[in-house]
Amino acid sequence: MSIVTVQVGQCGNQVGHALFERLSSEIEQNDDRTVLDRFFYEGQTGRAAKYTARCVMVDMEPKVIESCREQAKQGKVFQYRKPKIQKQGGSANNWAFGYNIQGICCGETIHEEIQTELERADAIEGIQLLHSVGGGTGSGVGSFILETVRDYCPSIPIVTQSVLPFQAGEVATQHYNTLLSLSYLLKFADTVILRDNSSLVSEAKKKDSAVKANQQSRIQFTDINNAIVDSMCESCLLPTRTLSNGRVFKPCHDLVDHLTPDPRLKLIKVFSVKSERWNVAMNDLKRQCKTSLFSTITIHGELQKPTASLSRVEVSSPDTLFGPRCRQLVQKISGPPSSTLLSNTPSSRFHLENPTNKVRDMIACGAYIHHFERYGLEKHDVECAMNIVGQAIKDYETRSV
Amino acid sequence: CLQVGQCGNQIGCKFWDLALQEHLMYRGDGTVRKSTEKRVHLDDAMSSFFRTDARNISDDGTVSTQNIKARAVPIDMEEGVLESLLQGNLKTLFDKRHCIAGDTSGCGNNWAVGHMVYGQQCLSEVMEKVRHTTEDCDSLQTFLMLHSLGGGTGSGFGTRVLQELADEYPSIYRFVSPVFPQENDDVVTSPYNSVLSLGQLIDHADCVLPVDNQQLADIAVLSQSPQRGQKDSPSYQISQPGQVKSSRSGDRKGGEAFASMNYIVASMLTNLTASMRFPGQLNVDLNELTTNLVPFPSLKFIYSSVAPIALSKHGCSSASRRVTELFRDAFSRKCQLLTAPEFKPTYFASCILLRGDVSLSDATSNVEKLRQTLSLAPWSTEGFKVGLCSVPACESPVSLLSLTNNSGIVQSLSNIQNRFVKLYNVQAHLHHYTEYLEQEEIQEAYMKTSSLIESYEQAAKIKLPDGMRHSNSKLLF
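Residues numbered from 1 in each chain as written. Chains lettered and ligands numbered in written order. Predicted model: local features only at pLDDT ≥ 70, side-chain atom pairs only at ≥ 80, totals over all residues. Heavy atoms only, no water.

1. Some remarks on the overall build of chain A
Tallying secondary structure elements over chain A gives 14 helices and 14 strands in all. Expected size for 401 residues packed as a compact globule is a radius of gyration near 21 Å; at 21 Å, chain A falls within 12% of this value. Over its C-alpha atoms, taken along the principal directions, chain A stretches across nearly 70 × 55 × 50 Å. Looking at chain A as a whole, 60% of its 401 residues qualify as buried. Considering only residue pairs separated by 6 or more positions, chain A has 81% of its internal contacts joining residues 24 or more positions apart. (Helix = DSSP H or I, 4+ residues; strand = E, 2+ residues; numbered from the N terminus. Rg over C-alpha atoms; globule rule 2.2 N^0.38 Å. Buried < 20%, exposed > 50% of the residue type's maximum accessible area, 1.4 Å probe, protein only. Contact = heavy atoms within 4.5 Å.)

What follows is the structure, encoded as structure tokens:
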């Protein structure tokens, strides 16, 4: 069963590249045929590489894709197909430009590329969209692609890794772009896994300072991209396998069915902790994520549970910590143990409320709106997006009591 | 790049010199070239600004550095400056076919002569040359115009060309970097020329990055401090701008001073475009700058500042501390390329473009600090755009260009207006202009500038409607 990855914009392509590098190194290390077939295909490489990524790379300027392809070429293990879309100039950090101009201009070519990848595989498990929502391409073109893919693949699960911009400010128009993208994600995706740049950096700093006691941490995008990819490989992209009861465990379907069974509640947040001790790991995850409607905890490696002699210490069980709708999955793999919690939590509301409030302020003052109007977006469209997002906020509020 | 008039061409020369040095130092993927390479690949990065004729490309795909041409259209209404350009160190960079010189008489520091007279005579020739240059481009995105506002050619003819570009190429961005005149400018009619030009810039430019000579001169002095390690930049040479005209401090010392000042503007321009040409963790294109920096259609005047201005010994500072110093300098009054206002301005939007060895966490933690220290407009508390380009500038391992849209521009615009009013009220020198245009047109330009000042003042006062106050400082980690 194969997963087709569509990576859009600078963020999407950089995260995607980190993912494929990690997957290919796992394949080379473990000689794992299943991972290979799931994410890559063989043939058509010549001597340049061993296999090709099942991936559609989309960007409105060439530098990032070229750099990813060049890095893959140097590794000589896997390669990317040459994208048919060769655009220059980017999307001006403008959702409307990305959606109405770039999206519509390249829509047919993107459709063809995705269709080619879908038909190439024997069976499709799911489509994953990697993008950011603060800029122009990942948000605007990403929304366009999501809408059209949902249209011609109504039954394939679409799971997104959507990166939210820094809360202190990364792009001046980020609130508009985020709000508009979220409305499309809520409408057309099955599961939206939110990644917040601010949290990623602070987590990376904590991890780094634990290692380098006195030096100041210098976190780069590669660090946070690797953190995203680690948690993807350890939880969102678990391998398919046949369970003891004969059922085939299909991670994408499972993710959607278990974590987002209610189509009104699609947002997932990711929490992780690296600890060898079970209680420490569970309590830390609980501290990070106080309430969870639906959860999956994936344990990677072996965690030490408290021994029977320490009877005062109760074993923190996921059921009691996170409610009855919490599953546990264990990956018996060697390496440092880690626990990842995928949670459908009401605290995702903040990521919906924040851009809504900011956009409301900015529209009241008329700030930046002329850039969006220039490319076909009207105030009415923004209001529709606010309604969709507002409804999701209400849905989460009712479930949080 | 369209460089108009003496000032525009001199800055242009410095800009092209620096841009070429950058591309000869670094390849398009960020790796360092050997300084002995005489033939280079015209990679994608370089071809954003440079081109060559197909016949010059040899079988291995390289081209001699002598055959590289700038995508530039140098324009002047007299021959002196263009002659020295075509005979100076950079003569091979400029395509002689693309240079335009009107007849030898120049514009007499008269905007109206530049705009109306030469505007009529030479415009079609200029647009023809522009067309040739644009046809050589695979994907044209932006025009960059360099000129001064105080004289006649750069201001008058330059704005005529700008207007025509807006008509003929409406979807191509127009970035303009004008030099505002000084208080004690030796050109008496500079207030008229400036106000008339401003009227045009307000209508036809997408983004204006003004600089002023006074501030540039101050920065040039600061950067001449003995710590400046010229040895650190082996391949960089300051080109001679050629003979400086006698109407502007004609002695040799004046020429050298202008060379340093032009270099500062060139440095701003190369940093502005670095992310378009070289790879980085977070790329920023010029169209993104327009989206981020211009929150309302008329508010398009942007302060710029570059740090470091003087290469002090940074050996003992940690990389993070170096970045903090850059932020501190770039937001100080002394590093602004346009005189900063006396009052504390309200910031509408800022763009921070970092080059070199800068980590993401350095950038974000400093932006967070800025949010606390700057006076931000309430509707734009996250109005920051960050860019990270991996390839450093030629002479510094890390550098920062800050572009801010703030209400301080009101001061510079008001100064120009006041000087205009002093002359206009007594109708001094007005007859030179009324020969070619109606008084109403002059008044219209003045009104446009006034209403721009008013727009900035109003934008600074916008408060959020009551009941919409949200806690901006609450950040969820």
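And the narrative resumes.
2. Concerning the overall build of chain B
Counting secondary structure elements, chain B contains 13 helices and 15 strands. The buried share among the 477 residues of chain B stands at 62%. In chain B, 82% of the contacts between residues at least 6 apart in sequence involve partners at least 24 apart. With an accessible surface of roughly 18,700 Å², chain B has 50% of that area assigned to carbon and sulfur atoms. (Areas by Shrake-Rupley, 256 points an atom, 1.4 Å probe, with all protein chains shown as cover.)

3. Comments concerning the packing of aromatic side chains
By the definition in use, this model includes 27 aromatic pairs over all chains. Ring centres 5.2 Å apart and planes at 70 degrees place the aromatic pair B:Phe143 and B:Tyr169 in the edge-to-face group. Residue B:Phe143 is located in strand β8 (residues 142-148), and its partner B:Tyr169 is located in the loop between α4 (153-168) and β9 (173-180); the two are separated by 26 residues in the primary sequence. Residues B:Phe143 and B:Tyr169 agree in their burial class; the two are buried. We note A:Arg120 situated over the ring of A:Tyr41; from NZ or CZ to the ring centre the distance is 3.9 Å. (Phe/Tyr/Trp six-rings, centres within 6.5 Å; stacked < 30°, edge-to-face > 60°. Lys NZ or Arg CZ within 6 Å of the ring centre and 35° of its normal.)

4. Concerning a negative patch on the surface
Side chains of A:Glu66, A:Glu70, B:Asp29, B:Asp44 and B:Asp138 sit close together on the surface and give a patch of like negative charge. Along the polypeptide, A:Glu70 turns up in helix α3 (residues 63-75). Residue A:Glu70 is classed as partly exposed on the basis of its relative accessible area of 37%. (Patch = residues over 30% accessible without salt bridge, like charges linked within 9 Å, V, L, I, M, F, W, Y side chains within 5 Å. Salt bridge = Lys/Arg side-chain N within 4 Å of Asp/Glu carboxyl O. Lys, Arg positive; Asp, Glu negative; His and termini not counted. Charge placed at Lys NZ, Arg CZ, Asp CG, Glu CD.)

5. Some thoughts on the nonpolar core
As a rule of thumb, nonpolar side chains are buried together in soluble globular proteins. Grouped together as the largest cluster of nonpolar side chains are 248 residues, with contacts concentrated most on A:Phe40, B:Trp16, B:Phe50 and B:Leu403. Every residue in contact with B:Leu403, bar those within four places of it in the chain, is listed here: B:Leu209, B:Leu272, B:Leu289, B:Leu293, B:Ile302, B:Tyr303, B:Ser304, B:Ala349, B:Ser350, B:Cys351 and B:Leu353. Core analysis: the next-biggest nonpolar cluster, separate from the first, contains 14 residues, A:Ile297, A:Leu321, A:Phe322 and A:Cys326 among them. (Core = buried A, V, L, I, M, F, W, Y, C linked by side-chain atoms within 4.5 Å.)

6. Here's the deal with the interface of chain B and chain A
Counting residues at the interface gives 58 residues for chain B and 52 residues for chain A. Approximately 4,300 Å² of surface area, both sides summed, lies buried where chain B meets chain A, with 52% of it carried by carbon and sulfur atoms. For the pair chain B and chain A, the number of links is three salt bridges. Here chain B and chain A share 32 residue pairs in polar contact (both at pLDDT 80 or more) between them. Among the secondary structure elements, those contributing two or more residues to the side of chain B that touches chain A are α7 (252-277), α8 (286-293), α9 (319-330), β13 (347-356), α10 (360-373) and β14 (384-389) of chain B. For the side of chain B that touches chain A, the leading source of residues is α10(B), giving eight residues. (Buried area = accessible area lost by both parts, 1.4 Å probe. Polar contact = N/O pair within 3.5 Å; in protein donor to acceptor, adjacent residues only side chain to side chain.)

7. Comments concerning the sheet that holds strand β14 (residues 338-344) of chain A
Residue and element names in this part refer to chain A. An order of β4-β1-β6-β7-β8-β11-β14-β12-β13 is seen for the nine strands of this open sheet, with the pairing classed as mixed. Each edge of the open sheet is held by one strand with a lone partner, namely β4 (55-58) and β13 (326-331). Taking each pair of neighbouring strands and ignoring which way they run, the sheet shows an average axis angle of 20 degrees. Note that strand β8 (residues 191-196) and strand β11 (residues 267-273) share three bridges and pair parallel. Bridge pairing in β11 links Val192 to Leu267. (Pairing = 2+ DSSP bridges. Axes fitted to C-alpha atoms, helices over the stretch in contact; angles between N-to-C directions.)

8. Overview of the pattern of salt bridges
A complete count under the given rule lists 38 salt bridges over all chains for this structure. Its salt-bridge partner being A:Asp37, residue A:Arg33 comes within 3.4 Å of it at the nearest N-O pair. Remark: A:Asp37 and A:Arg33 occur in helix α2 (residues 33-39); sequence separation between them is four residues, near one turn of the helix. Its relative accessible area of 45% is what places A:Arg33 among the partly exposed residues. Measuring nitrogen to oxygen at the nearest pair gives 3.9 Å for the salt bridge that ties B:Arg174 to B:Asp206. Of this pair, B:Arg174 sits in strand β9 while B:Asp206 is found in the loop between α5 (190-204) and β10 (207-208), placing the two residues 32 residues apart along the sequence. A single salt-bridge network, built from bridges that share partners, covers A:Arg81, A:Glu113, A:Glu117 and A:Arg120.

9. Topic: helix α13 (residues 439-461) of chain B
All names here are of chain B. Here α13 contains 23 residues, and its C-alpha end-to-end distance of 33 Å stays within 8% of the 33 Å for a straight helix at 1.5 Å per residue. Those residues of α13 that sit buried are Ile442, Ala445, Thr449, Leu452, Ile453, Tyr456 and Ala459. The elements touched by buried residues of α13 are α5, β13, β15 (398-406), α11 (409-425) and α12 (431-434). (Expected span 1.5 Å × (residues − 1).)

10. Description of the environment of A:Gly136
All names here are of chain A. Inspection of the secondary structure assignment puts Gly136 in the loop between β6 (124-132) and α5 (137-152). For Gly136, a relative accessible area of 5% gives the class buried. Separated by 88 residues in the primary sequence, Gly136 and Ala48 place their C-alpha atoms 33 Å from one another. Apart from residues no more than four positions distant in its own chain, Gly136 is found in contact with Ser91, Asn93, Asn94, Trp95, Gly98 and Val141.

11. Some words on the environment of B:Pro191
Secondary-structure assignment places B:Pro191 in helix α5. Excluding residues that lie within four positions of it along the chain, B:Pro191 makes contacts with B:Ile416, B:Arg419, B:Phe420 and B:Leu423.

12. Examining the environment of A:Cys236
Residues and elements named next belong to chain A. With respect to the element layout, Cys236 can be found in helix α8 (residues 221-236). In this structure, the C-alpha to C-alpha distance between Cys236 and Thr340, residues 104 residues apart in sequence, is 9.6 Å. Excluding its chain neighbours within four sequence positions, the residues that come into contact with Cys236 are Gln161, Ile193, Arg195, Ser231, Pro251, Leu255 and Leu342.

13. A short note on the pairing of β8(A)
Residue and element names in this part refer to chain A. With six of six residues buried, β8 is to be regarded as a mostly interior element. Where burial is concerned, the two faces of β8 agree: the one with Thr191, Ile193 and Arg195 and the one with Val192, Leu194 and Asp196 are both buried. Relative to β8, strand β7 (residues 158-164) is paired through six bridges, and the arrangement is parallel. Paired with Leu164 across the bridge in β8 is Asp196. Handedness of the crossover joining β7 and β8 through helix α6 (residues 174-188): right-handed. (Right-handed = clockwise from strand over helix to strand, strands pointing away.)

14. Concerning the confidence of the model for chain B
Here chain B averages 83 in pLDDT, and 89% of its residues register 70 or above. Scored by ipTM, the complex comes to 0.86, with pTM at 0.89. (pLDDT = per-residue confidence, 0-100.)

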